[in-house]
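The lines below spell out each chain.
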Amino acid sequence: MFSVHGQSRWSVPSLWSLIVIVCLLLIDCPKVKAQQSCNNPNGKSGTCMSIYDCEVLLNSLKNLNRSPQQTSFIQQSQCGYSSAPLVCCTTDIDFEKNDLLPVPNKCGHQSLGKKIYNGNDTVLDEYPWMVLLEYRNKKGEKVLNCGGSLINTRYVITAAHCVKGEIEQAVGPLTRIRLGEYNINEEIDCIRADCNDKVVEVGFDEVLPHPQYDVRNANNYHDIALIRLDQDVQYSDFIRPICLPLPETRTAITPGELLIVAGWGRTLEARQSSVKKQLAIPVTANDVCAKKYATKKVTLINSQLCAGGEFSKDSCDGDSGGPLMRESFMKRWYLEGVVSFGNRCGLEGWPGVYTRVSDYIDWIQQNVRP
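Rules of the game
Residues numbered from 1 in each chain as written. Predicted model: local features only at pLDDT ≥ 70, side-chain atom pairs only at ≥ 80, totals over all residues. Heavy atoms only, no water. UniProt positions renumbered as here; feature names shortened; annotations may be inferred. Phe/Tyr/Trp six-rings, centres within 6.5 Å; stacked < 30°, edge-to-face > 60°. Helix = DSSP H or I, 4+ residues; strand = E, 2+ residues; numbered from the N terminus. Buried < 20%, exposed > 50% of the residue type's maximum accessible area, 1.4 Å probe, protein only. 1 Å grid on protein atoms, 1.4 Å probe; cavity = no way out; pocket = protein on both sides within 12 Å on 5 of 7 lines; lining within 4 Å. Points joined across faces, edges and corners; volume = space filled by probe spheres on them. Nonpolar A, V, L, I, M, F, W, Y, C, P; charged D, E, K, R; others polar. pLDDT = per-residue confidence, 0-100. Contact = heavy atoms within 4.5 Å. Disulfide = S-S within 2.5 Å. Pairing = 2+ DSSP bridges. Axes fitted to C-alpha atoms, helices over the stretch in contact; angles between N-to-C directions.

- Going by the annotation in an unreviewed UniProt entry, the name recorded for the protein is CLIP domain-containing serine protease, with Stomoxys calcitrans given as the source organism.
- Regarding the protein, the UniProt comment filed under Subcellular location (unreviewed entry) reads as follows: "Secreted".

Set out below in structure tokens:
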């Protein structure tokens, strides 16, 4: 036995064996050196230091009865490597809170099948986090309109205008959320001999539009909402969560970069696509986009993101609330934007406007619950 700072430790072999196991499961490469500032998996500020010197994480590692959430938290806390793993150490830790948001080893994974863009159909298990929102019109008929993205077993992110305001009168009240969908006209979808599972339809017990979203404001600021499902959903090849751009995993979005938008919205041939489609669209610099929309007396802010602007290549009616996404950190898919609004669809020189998800991580963290 030996000690550091006067505290008893396990024998070197047993503790080091556990640390080696954790190292083998770590999802990131060294990012910063010891004693530099960092953010832990919950976004709290801390100091990058040896795991031996971080009492709260070391004690959790020693606990053979620790929960899967605690193990995941330790893995996500790595910030580098010296003679021992370095971890982002903070004075207090909420292990359970971290597990409510998707982390790269548990999110953003999808089919490795060949992808063809320019509005072409997706494959059956592509973008398995995408959901469809179901409404009921005045005749009592089901209407599929907006989209959304699954972020864990209980929550979906969509646009605030999909759950509040004009949609309630023009379409009807939200009734259910449809997961694992591909072709809205088929109960079981098959491409050649490859078939998916039957669609899962669930209700919801809470709809939470961002408190600063104003249905009367044409600028559509804070156009984002959370939907809490009324039951946990089971993950499968066709139902999985997308990753969120958390502080420790996000990378800057650059003008000209191609991001992917997907959905069942309007196409050149029909009001609504029967199958899930995808499109690669370039990011537009915010200042360029803002000048364009200023001609329509619309003012954009930094929490909005612009992409598209090529003729006939755009998100459109019915895509609202759906994801603008990219493959990034750890080769996982991240929800970078939520389809918000545009100047009609597919007009040359008019990018679509998306809610920038990275600006709302704190709000999401504060409002998701087990």
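**A word on the packing of aromatic side chains**
Inference 1: Scanning all chains against the criterion turns up 4 aromatic pairs.
Inference 2: Both rings, one in Tyr127 and one in Trp333, keep their centres 5.5 Å apart while their planes meet at 80°; by these two values the pair is edge-to-face. Here Tyr127 is found in the loop between helix H4 (95–99) and strand S7 (130–136), whereas its partner Trp333 is found in strand S20 (residues 333–341), with 206 residues between them in sequence. Exposure class is identical for Tyr127 and Trp333. Each is buried.

**A few points about empty space enclosed by the protein**
By rolling a water-sized probe across the atoms, one finds the places where empty space is left.
Inference 1: A complete count under the given rule lists 2 cavities of 30 Å³ or more for this structure.
Inference 2: Put simply, the second largest cavity is a space of about 30 Å³.
Inference 3: Of all elements in the fold, only S7 and strand S16 (258–263) reach the threshold of two or more residues within the lining of the second largest cavity.
Inference 4: Tallied by class, residues from the lining of the second largest cavity come to 5 nonpolar, 4 polar and 1 charged.

**Details of the confidence of the model for the protein**
Inference 1: Per-residue confidence for the protein gives a mean pLDDT of 81, with 79% of residues at or over 70.
Inference 2: Taken together, the stretch residues 1–17 has pLDDT below 50 and engages in 31 contacts with residues farther than four places along the chain or on a different chain.
Inference 3: Counted against residues more than four places away or in other chains, residues 113–119, with its pLDDT under 50, gives 17 contacts.

**As for the state of the cysteines**
Inference 1: The final tally for this structure, using the stated rule, is 6 disulfides.
Inference 2: Across the disulfide from Cys38 sits Cys88; the S-S distance is 2.1 Å. Measuring the twist about the S-S bond at about 100°, one finds the Cys38-Cys88 disulfide to be right-handed. Note that Cys38 is positioned in strand S3 (residues 37–39) and Cys88 in strand S6 (residues 85–89), a separation of 50 residues in sequence. Neither Cys38 nor Cys88 differs from the other in exposure class; each is buried.
Inference 3: The disulfide partner of Cys289 is Cys306, and the gap between their sulfur atoms is 2.0 Å. Taking the torsion about the sulfur-sulfur bond, which here is approximately -75°, the covalent link between Cys289 and Cys306 counts as left-handed. In this pair, Cys289 sits in helix H6 (residues 286–294) while Cys306 sits in strand S18 (residues 304–308), placing the two residues 17 residues apart along the sequence.
Inference 4: On the basis of relative accessibility, which here comes to 1%, the residue Cys289 falls in the buried class.

**Considerations on the sheet that holds S16**
Inference 1: Reading around the circumference, S16-S17-S18-S21-S20-S19 is the order of the 6 strands in this closed barrel, with antiparallel pairing throughout. When strand polarity is set aside, the average angle formed by the axes of neighbouring strands in this sheet is 45°.
Inference 2: Two strands pair when backbone bridges link them, and strand S19 (residues 323–327) and S20 are joined in this way by 5 bridges, in the antiparallel orientation. Along S20, the bridge assignment pairs Met325 with Leu335.
Inference 3: In this fold H6 packs onto strand S17 (277–284), S18, S20 and strand S21 (351–356), with an angle of close to 120° to the strand it touches most, S21.

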